[in-house]
There are 2 protein chains.
Amino acid sequence: MVLCEKCGSDKNVIKSGFIRGQQRLYCKACEVHFTMNLPQKGVNKPIRQVTIVDIAKALGVAPSTVSRALNGSSDINPQTRLEILRVATEMDYRPNLLAQSLHRGETHTIGVVIPDIERPFFAAVLAGIQKVATGAGYRVMICQSNESHSTETLNVQALVASRVDGLLISHSKETTSFEHIKLQLKKGLPIVHFDRVCYDIETSKVVQEDFDGSFALVEHLILQGCRRIAVCAGPRELLISTTRLNGYKAALAKYGIPLDEELIYHSNFKKGEPVLALKAWLELDQKPDGIFAVHYANAVDMIMELKRLRIQIPEQIAVVGFGDELIASLIEPSLTVFHLFPFNVGETAATLLIDNIIHKDTFEPVVKKVKGELIIRESSLRTTSL
Amino acid sequence: MVLCEKCGSDKNVIKSGFIRGQQRLYCKACEVHFTMNLPQKGVNKPIRQVTIVDIAKALGVAPSTVSRALNGSSDINPQTRLEILRVATEMDYRPNLLAQSLHRGETHTIGVVIPDIERPFFAAVLAGIQKVATGAGYRVMICQSNESHSTETLNVQALVASRVDGLLISHSKETTSFEHIKLQLKKGLPIVHFDRVCYDIETSKVVQEDFDGSFALVEHLILQGCRRIAVCAGPRELLISTTRLNGYKAALAKYGIPLDEELIYHSNFKKGEPVLALKAWLELDQKPDGIFAVHYANAVDMIMELKRLRIQIPEQIAVVGFGDELIASLIEPSLTVFHLFPFNVGETAATLLIDNIIHKDTFEPVVKKVKGELIIRESSLRTTSL
DNA sequence: TGCGTTTCCGAAAACGTTTTCGATAGACTT
DNA sequence: AAGTCTATCGAAAACGTTTTCGGAAACGCA
């Protein structure tokens, strides 16, 4: 009743189980299995993008010829090339970057891992990265770690899975183990650290004047007459916190001012913290006459609290901070800061990375320091010293 | 003297031109061309990532079997699967997303085009997008148009070339022609507009309470006793500028306050502009007693200038603005704003887009409005009205 | 006119997956 | 014991490029 596909006879055809829901048949004579494949209804395929093969067919040439024409390579008749280019633009051909990347083994994409895109510092870094990357023909893929070590690890894995050509990373404050980075570095992935770097790993790094900036700010306070300078430092785990704290200590040492552990507070970027620290300081027998905040946001919080307490700034307590957001110049009193150049950090890091990608074999790790600038404003400038 | 590769004899071998720098030979008997390929020195290949084929070889099975094991699909012996998974983790196998994407025709990546990543509003939107996208297993690729129409077009093309599965876009202020979007939409690319949308295109959109927010702010000013309310509007080209301006007009109309064109200024996001506008207003015979700035930054600039001129806020002139950045609460007087929720905007837009991607066929465009909130602060609250 | 050359182009492999199709072994059924 | 079935696996095509290799035609030269 059912004919064999091959011999056309139904003599030797027997059933032979089911396969994917369909009855399967077997012709003993021909020793062949087959199914009665019903004419599948025309599934209207989604609109495909034009491919090289489409162009080749349209012109009756081989795909390789089209590829040659498009890549401006040699070994092609100028006339043929022009013709191909004409048809290509006519059909609005766009090369499939996925296919290209798969073949070439490079994606022309760099991955970026930052703790938080909403922090103006990192947003500006991103802008700098984007500028350089775009200029060099690279795309950028961004991930946020949200200050979590595990998320950071996942981010790195995701970017590696996307086969980025290189990685820019500023670590989360939780990150104390760096195996996820070392692993990729060992596999040959170019990596550049910025801002929150790690010196245990042999990567290029872009840092800021964390030590020098602290030193300059604290020295400035001292020159303004401050002798008991409190510091709102960053999380203990972060290297830059330590570096900035060291700048503070060095400035005190230079002027022979004793270090008082009671005046050192480690903030954790949590809301309300700095105010608590401030209150503790104000209850000391010897109150501070100057405050150095490692992060401008903390400085701002403290200024607001000081104003609420009707403590004169800078006469009773002078305040300085790191990082110059717009806000530093707008609050009253305006805030003396060590101005950072995050856009520069981004540019520098991206430049280093792309260099590393291009000269993978010969590249030697470099550490670059982006200059900052001391901007003196009302919060620390005592009229008495004028 | 040179032996034919095929017959081994040198009888019929003749030279036959050069090819890629090498002498080419021809055996007349065998009718075959060949070159004397010198033993190329072992180019040490770069470290490759482990592939499915590597796993297959290690276990003596077919690549397809490995694929089945990894994808948790059917048609595989549980023991075989476990064995394959064991070896896969042992070899630290990571699927090549490029190859997967190429095959599947989808990248699990969404593209985002924004005018400027450094604007806190857009940074927050991005954070919202990232959260939703990551949660749904999508990666995010970000481009900045820098408020340029041509850059925006290039951005879109680049993202399409990267074969993103969908597009989130907030237009540059230069953009008045939308062909680049319509083209992609016609090709079937899911697109969602947010913030700076365009109603000429049949896309889903996420907007804010531009009209209602303006209305609320201006009504608030009126209720505080203002009768001549100046407005610092946005660029004429932007739809949201018009919408916000309409909210302003509607509020005036409701209370029978005549519209005065002299009190309408169109800002262009350029530094110093708002101050000039303010000066012009102050030279009018009938000075304004209230100012509504469509963008909080303009409001801040004006407050600073008003303070410099020693004009009382809010007694002489009350000020309100759109968008609640941290700064609005920190300057003095603190600024009354219509608080936006950019993170929400990002979340909503990404949710819509991913829905659109997944249900490509049945999806119907939607317009969603993200609620805002009027926050009354010192810059507009007149004690007399208490 | 036969050897040597250059120019242009096509076939096919390769990148790393997934998916389709079908083969085979063994078990179950009558 | 033949017919039927299921479970499991391999081969090969496909995704869209680029690149390598080699063939063929056309041309120059002795």
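Keep in mind it's a predicted model, so treat the numbers as computed, not measured. (Residues numbered from 1 in each chain as written. Chains lettered and ligands numbered in written order. Predicted model: local features only at pLDDT ≥ 70, side-chain atom pairs only at ≥ 80, totals over all residues. Heavy atoms only, no water.)

## Thoughts on the protein's contact with DNA strand C
As a reminder of what qualifies: We call a residue near a given molecule or strand whenever any one of its heavy atoms falls within 4 Å of it. Polar contact criterion, stated in full: a pair of N or O atoms within 3.5 Å, where within protein one must be able to donate a hydrogen and the other to accept it, and residues adjacent in sequence count only if both atoms are side-chain atoms. Counting from the N terminus, the helices are DSSP H or I runs at least four residues long and the strands are E runs at least two residues long.
Taken together, 38 residues lie near DNA strand C, and R20, R24, T65 and T80 of chain A together with S67 of chain B sit nearest. Protein-proximal atoms of DNA strand C, defined as those within 4 Å of the protein, fall in sugar or phosphate at a share of 54%. Between DNA strand C and G17 of chain B, the relevant distance is 3.5 Å, taken from a phosphate oxygen to a main-chain nitrogen or oxygen of the residue. The contact in question runs from a phosphate oxygen of DNA strand C to an N or O atom on the side chain of Q100 of chain B, over 2.9 Å. Elements that contribute at least two residues to the surface near DNA strand C include exactly α2 (63–70) and α4 (97–104) of chain A together with β1 (13–19), α2 (63–70) and α4 (97–104) of chain B. Per-element accounting of the surface near DNA strand C gives the leading share, five residues, to β1 of chain B.

## Quick look at the domain arrangement of chain A
Which entries qualify depends on this criterion: The source of the domain bounds is an automatic or database domain assignment.
If you check the domain split of chain A, you get domain 1 (1–40), domain 2 (52–95), domain 3 (107–208 + 343–371) and domain 4 (210–339). When each unit is reduced to the centre of its C-alpha atoms, the spacing between domain 1 of chain A and domain 4 of chain A is 85 Å.

## Regarding the sheet that holds strand β13 (residues 336–339) of chain B
All names here are of chain B. To keep it simple, the criterion reads: One requirement defines pairing of two strands: DSSP has to find at least two bridges between them. Only the contacting stretch of a helix is used when fitting its axis, a line to C-alpha atoms as for every element, and angles between N-to-C directions run 0 to 180 degrees. Note on definitions: a residue-residue contact is assigned when non-hydrogen atoms from the two residues lie within 4.5 Å.
Strand order in the open sheet formed by six strands is β10-β9-β11-β12-β13-β15, with mixed pairing between adjacent strands. Among the strands making up the open sheet, the edge pair consists of β10 (264–266) and β15 (373–375). Within the sheet, the average angular offset between the axes of one strand and its neighbour, ignoring direction, is 15°. Alignment of strand β9 (residues 229–233) against strand β11 (residues 290–293), held across four bridges, turns out to be parallel. The residue of β11 that forms the bridge with A230 is I291. Against the sheet, helix α9 (residues 239–254) contacts β9, β10, β11 and β12 (318–322), and its axis sits at roughly 170° relative to β9. Those strands touched by helix α10 (residues 273–282) are β9, β10 and β11, and its axis lies near 160° from that of β10.

## Comments concerning the UniProt feature "domain: HTH lacI-type" (unreviewed entry) in chain A
Filter applied, for reference: UniProt positions are given in the numbering used here, feature names are shortened, and annotations may be inferred rather than shown by experiment.
Summarizing the sequence annotation, UniProt attributes the feature "domain: HTH lacI-type" (unreviewed entry) to residues 50–104 of chain A in the numbering used throughout. The annotated region residues 50–104 of chain A carries 67% helix and 0% strand content, and the separation between its end C-alpha atoms amounts to 20 Å.

## With respect to the packing of helix α8 (residues 210–223) of chain B against α9 of chain B
All names here are of chain B. Spelled out, the test is: Each helix crossing is assigned a hand: it is left-handed if the near helix lies turned anticlockwise from the far helix by less than a right angle, otherwise right-handed if that turn is clockwise. Each residue gets one label: Ala, Val, Leu, Ile, Met, Phe, Trp, Tyr, Cys and Pro are nonpolar, Asp, Glu, Lys and Arg are charged, and the others, such as Gly, are polar.
Where α8 meets α9, the closest approach of the two axes is 7 Å, and the angle between their N-to-C directions is 40°. Both α8 and α9 take part in a crossing whose hand is right-handed. Residues D210, F211, S214, F215, V218, E219 and I222 of α8 pack against I240, T243, R244, N246, G247, Y248, A250, A251, L252 and K254 of α9. Taken together, the residues of the contact of α8 with α9 sort by class into nine nonpolar, four polar and four charged.

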